[in-house]
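A look at the structure
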Amino acid sequence: MTQNQKVFTLKTFIHLAALTPVIWLYLSAFSDGLGADPVQYVIHFTGKGALNLLLITLCVSPLAQKFKQGWLMQVRRLLGLYSFFYAVLHLANFILFDLQNNWSLFINEVIKRPYITIGMVALLLLTALSVTSFNALRRKMGRNWQKLHNWVYVILLLVCVHYIWSVKANISQPLIYFMLAFVLLALRYKKFSRILPSSR
Amino acid sequence: ALEYQKAAAEFTATDKLTPEDKVTHHNNFYEFGAQKSQPAEYARNFKVDPWYLKVDGQVNNNLLLDNDDLFKQFDLEERIYRLRCVEAWSMVIPWVGFPLASLLKKADPKSSAKYVAFETLYDPKRMPGQSNRFLGGGIDYPYVEGLRMDEAMHPLTMLAVGLYGKALPGQNGAPVRLVVPWKYGFKSIKSIVSIKLTTTEPPTTWNKLAPQEYGFYANVNPKVDHPRWSQASERRITTGGLFASNRIATLPFNGYADEVASLYKDMDLTRYY
């Protein structure tokens, strides 16, 4: 396989792997196939999906470096955009199916509940990264592009906090996500010592 | 099938019932797993015979009831109650049971009895969530709950042994559970083995875990938010998929204010939440 074929194959796989669960999810949800409370189910499913995809996105560059597979970097944007897609669905599920279009309640909740506030901040930041992810903009932005996209690490931590604050008692799963996030950040310690000069 | 009468109209909500399979497959019962679908799975082989429920503390007659007594010593009746979960969803459930007051009167409370403390079975072999932190959410077992004496004696407060005309399935709190319809669902403790009348307010599980989020009283109150979400409205779980989910206004005391508001007339309910 040429490199282009590899990229094409992997991208096809990512499209299928990311979209199939979404199609299954909504078909099941509308046909009453997700248990007694489909609302909670679709919210949790898309939220965890967004976080999973964000973690996978952040695995790309360490893997590409470690195994000297530079072509892998060409699928990173697609993974990041799918994380954004799931995060948008997560918010849409909350507004449409949980709050049922009660926008004043939504605004109230964003202001009053810290875990929702930081979830919204993370999503807004992720939106900024997503809309600037295209090559034309990337070239235009020059060095600022990298500066902006380094915010992805902040987003990761915000999302982990959003998750742990949202659960009622059992924090074992969010703690596992925190550990994974920590590993992915630790792998980049050289980068952080460069972009955060004060930490020297 | 159980033998029972239909209760009087005042105990029979006219809201549309939540279908049986939703009542039995959407449960918060961490003893059988912290996810809503897990109790139905992990409680499938839960054995309730033999079972012993003891009633003691500040009473003149200590009682010990076995599984059979729970179904035979009292006249069973079917009551349809709204159940409002603190997580802002709700159901409408036909319970079968008897007033808690009938049992307490048999035990003949002393005048020193001010509160009632309830305890769930502690048996990690039969309740896998109690031995596995990951499954059981890591809360302190056994689960304990409590009521003030006047709340416990209120005619709405019942002990349920069945739902939809059948004995309770394990995931709904077999063989006997409390149902207090004007309080958030976590007050309605399941699979009870001990009822103790006490002189002081007993500790309660969720209050110990997160006192700023869950109080002793836990009366359904649209005006007092949970710190992490609004309690002003709720999603009623009936039938159908995503589009059928129905957000409705939450009523003070879950719609039972006429019956119970007087119990709290001099209390600041934002403080005693």
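What comes next concerns the included structure. (Residues numbered from 1 in each chain as written. Chains lettered and ligands numbered in written order. Predicted model: local features only at pLDDT ≥ 70, side-chain atom pairs only at ≥ 80, totals over all residues. Heavy atoms only, no water.)

What about the sheet that holds strand β6 (residues 115-120) of chain B?
Residues and elements named next belong to chain B. Read across the open sheet, the 5 strands follow the order β3-β2-β11-β6-β7; overall the sheet is mixed. The sheet is open, and its two edges are formed by β3 (63-66) and β7 (144-148), each paired on a single side. On average, adjacent strands in this sheet sit at an angle of 15 degrees to one another, irrespective of strand direction. The sheet contact formed by β6 and β7 spans 5 bridges and is antiparallel. Bridged to Glu119 within β7 is Val144. (Pairing = 2+ DSSP bridges. Helix = DSSP H or I, 4+ residues; strand = E, 2+ residues; numbered from the N terminus. Axes fitted to C-alpha atoms, helices over the stretch in contact; angles between N-to-C directions.)

Considerations on helix α4 (residues 103-112) of chain A
Residues and elements named next belong to chain A. Leu105, Phe106, Glu109 and Val110 are the residues of α4 that are buried. In a view along the axis of α4, the buried residues occupy a sector of 135 degrees, so they form one face of it. Residues Ser104 and Ile111 are exposed on α4 and point more than 90 degrees away from its buried face. (Buried < 20%, exposed > 50% of the residue type's maximum accessible area, 1.4 Å probe, protein only. Arc of directions from axis to C-beta.)

A look at the packing of helix α1 (residues 3-30) of chain A against helix α2 (residues 38-66) of chain A
Residues and elements named next belong to chain A. At a minimum axis separation of 10 Å, α1 and α2 run at an interaxial angle of 170 degrees. In this view, α1 runs roughly antiparallel relative to α2, as classed from their interaxial angle. Along its contact with α1, which presents Pro21, Trp24, Leu25, Tyr26 and Ala29, the element α2 presents Pro38, Tyr41, Val42, Phe45 and Thr46. A breakdown of the residues in the contact of α1 with α2 according to their chemical character gives 9 nonpolar, 1 polar and no charged. (Parallel < 35°, antiparallel > 145°, perpendicular 65-115°, else oblique. Contact = heavy atoms within 4.5 Å. Nonpolar A, V, L, I, M, F, W, Y, C, P; charged D, E, K, R; others polar.)

Looking at the packing of α2(A) against helix α3 (residues 76-98) of chain A
All names here are of chain A. One can describe the packing of α2 onto α3 by two numbers: an axis separation of 8 Å at closest approach and a directional angle of 165 degrees. Regarding the angle of α2 to α3, the classification is roughly antiparallel. As for the relative orientation of α2 and α3, their crossing is left-handed in sense. Classifying every residue of the contact of α2 with α3 gives 15 nonpolar, 9 polar and 2 charged. (Left-handed = near helix turned anticlockwise from the far one by under 90°.)

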